Amino acid sequence: MSLYDDAVLVLKGYEGQEDLRQTYLDHLAAHPDGMWKACHAGHLTASALVVDPEHGRVLLTLHRKLRMWLQMGGHCEPGDAGLAAAALREATEESGIPGLTLLPGGPLRLDRHPIPAPCHWHFDVQYAALAPPGAVHAISDESLDLRWFAYDEVREVADDSIVRLLQAIRARL
């Protein structure tokens, strides 16, 4: 199955955010290249918030270019078997934590946000990645810093999309 076909199936199976979900599906129908960074009208991305439920905390990255505390994530690559695989790959690469696993049940949220030209939109599909016991993170080239934040600290450092993602994760946990 192609990454495009996987994305369509994942989105068709996603429950919630109906209008936004349909916007994603319409975008893919209009842009067969909508999985790739080269699609300047916008493209799907996959992300995962790394969570340590045992200690009630999440790992955020201080993004090098945006200088914002964000979840791990980014562009899909040709070798990704699907959106979930892309999210897990990005979370592993950016956190440096081996052994992450995705929280079962598929994506938790969708978040469409504008990005600087030449592209116009990221259509982000958001997952949760569970950290294994004793996880030790390592800063990647894409990050200025990585830091664990208690659940109740996230609102102070991150934007509303991450706060909503954390709320959805906690509800599923």
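Basis of the calculations
- Numbering of residues starts from 1 in each chain and follows the order in which that chain's sequence is written.
- At least 70 in pLDDT is required for a residue's local features to be given in this predicted model, at least 80 for side-chain atom pairs to be given and counted, and no such filter applies to totals for whole chains, interfaces and linings, which use all residues.
- Processing note: side-chain calculations cover all non-hydrogen atoms of the structure and skip hydrogens and water entirely.
- Helix and strand labels come from DSSP, where a helix needs a run of H or I of at least four residues and a strand needs a run of E of at least two; each type is numbered from the N terminus.
- To sort residues, take the accessible area from a 1.4 Å probe on protein chains only and compare it with the maximum for the residue type: under 20% means buried, over 50% means exposed, and anything in between is partly exposed.
- Any two residues whose heavy atoms approach within 4.5 Å are treated as being in contact.
- The Shrake-Rupley method, run with a 1.4 Å probe sphere, supplies the accessible areas, and residue values consider only the shown protein chains as cover.
- Positive residues here are Lys and Arg, negative ones are Asp and Glu, while His and the chain termini are left out of the count.
- For the purpose of locating charges, the reference atoms are NZ of Lys, CZ of Arg, CG of Asp and CD of Glu.
- Note: two strands are recorded as paired if DSSP finds a minimum of 2 bridges between them.
- Between N-to-C directions, angles cover 0 to 180 degrees, with each direction set by a line fitted to C-alpha atoms, over the stretch in contact for helices.
- What sets the label is the angle itself: under 35 degrees gives roughly parallel, over 145 gives roughly antiparallel, 65 to 115 gives roughly perpendicular, and the rest give oblique.
- Left-handed describes a crossing whose near helix is turned anticlockwise from the far helix by less than a right angle; the clockwise case is right-handed.
- When residue character is reported, Ala, Val, Leu, Ile, Met, Phe, Trp, Tyr, Cys and Pro are called nonpolar, Asp, Glu, Lys and Arg charged, and the others, Gly included, polar.

## As for the overall build of the protein
Of the regular secondary structure elements, the protein holds 5 helices and 8 strands. When the helices and strands of the protein are placed in sequence order, the string is α-α-β-β-β-β-α-β-β-β-β-α-α. Across its three principal directions, the C-alpha atoms of the protein cover 45 × 30 × 30 Å. A total of 173 residues make up the protein; the buried ones form 48% of that total. Sequence separation of 24 or more characterises 66% of the internal contacts of the protein that already satisfy a separation of 6 or more. Surface accessibility of the protein: about 8400 Å² in total, with carbon and sulfur atoms responsible for 54%. Of the side chains in the protein, 15 bear a positive and 24 a negative charge, and the two mean positions are spaced by 3 Å.

## A short note on the environment of aspartate 145
Within the element layout of this structure, aspartate 145 appears in strand β8 (residues 143–150). In the structure, aspartate 145 is positioned 10 residues away from alanine 135 in sequence and 16 Å away in space, judged by C-alpha atoms. If we skip the residues at most four places from it in the chain, aspartate 145 touches Leu60, Thr61, Leu62, Trp69 and Ile139.

## Comments concerning the pairing of strand β7 (residues 121–130)
In terms of burial, β7 is largely enclosed, as 9 of its 10 residues are buried. Where strand β1 (residues 43–52) and β7 come together, 9 bridges link them in parallel fashion. Across the sheet, alanine 46 pairs through a bridge with valine 125, a residue of β7. As defined by bridge partners, strand β5 (residues 101–102) adjoins β7 across 2 bridges and the pair is classed as antiparallel. Considered in β7, the bridge of threonine 101 is made with leucine 130. Of the strand pairs in this sheet, strand β6 (residues 109–114) and β7 are connected by 6 bridges, and their pairing is antiparallel. In the sheet register, histidine 113 faces β7, and the bridge partner there is histidine 122.

## Let's talk about the packing of helix α1 (residues 3–13) against helix α2 (residues 18–30)
In contact at an axis separation of 10 Å, α1 and α2 are set at 155° when each is read in the N-to-C sense. On the basis of the axis angle, α1 is roughly antiparallel to α2. Considering the relative orientation of α1 and α2, their crossing is left-handed. Mapping the contact onto sequence places Tyr4, Ala7, Val8, Leu11 and Lys12 in α1 and Arg21, Tyr24, Leu25, Leu28 and Ala29 in α2. When the residues that make up the contact of α1 with α2 are grouped by side-chain class, the tally is 8 nonpolar, no polar and 2 charged.

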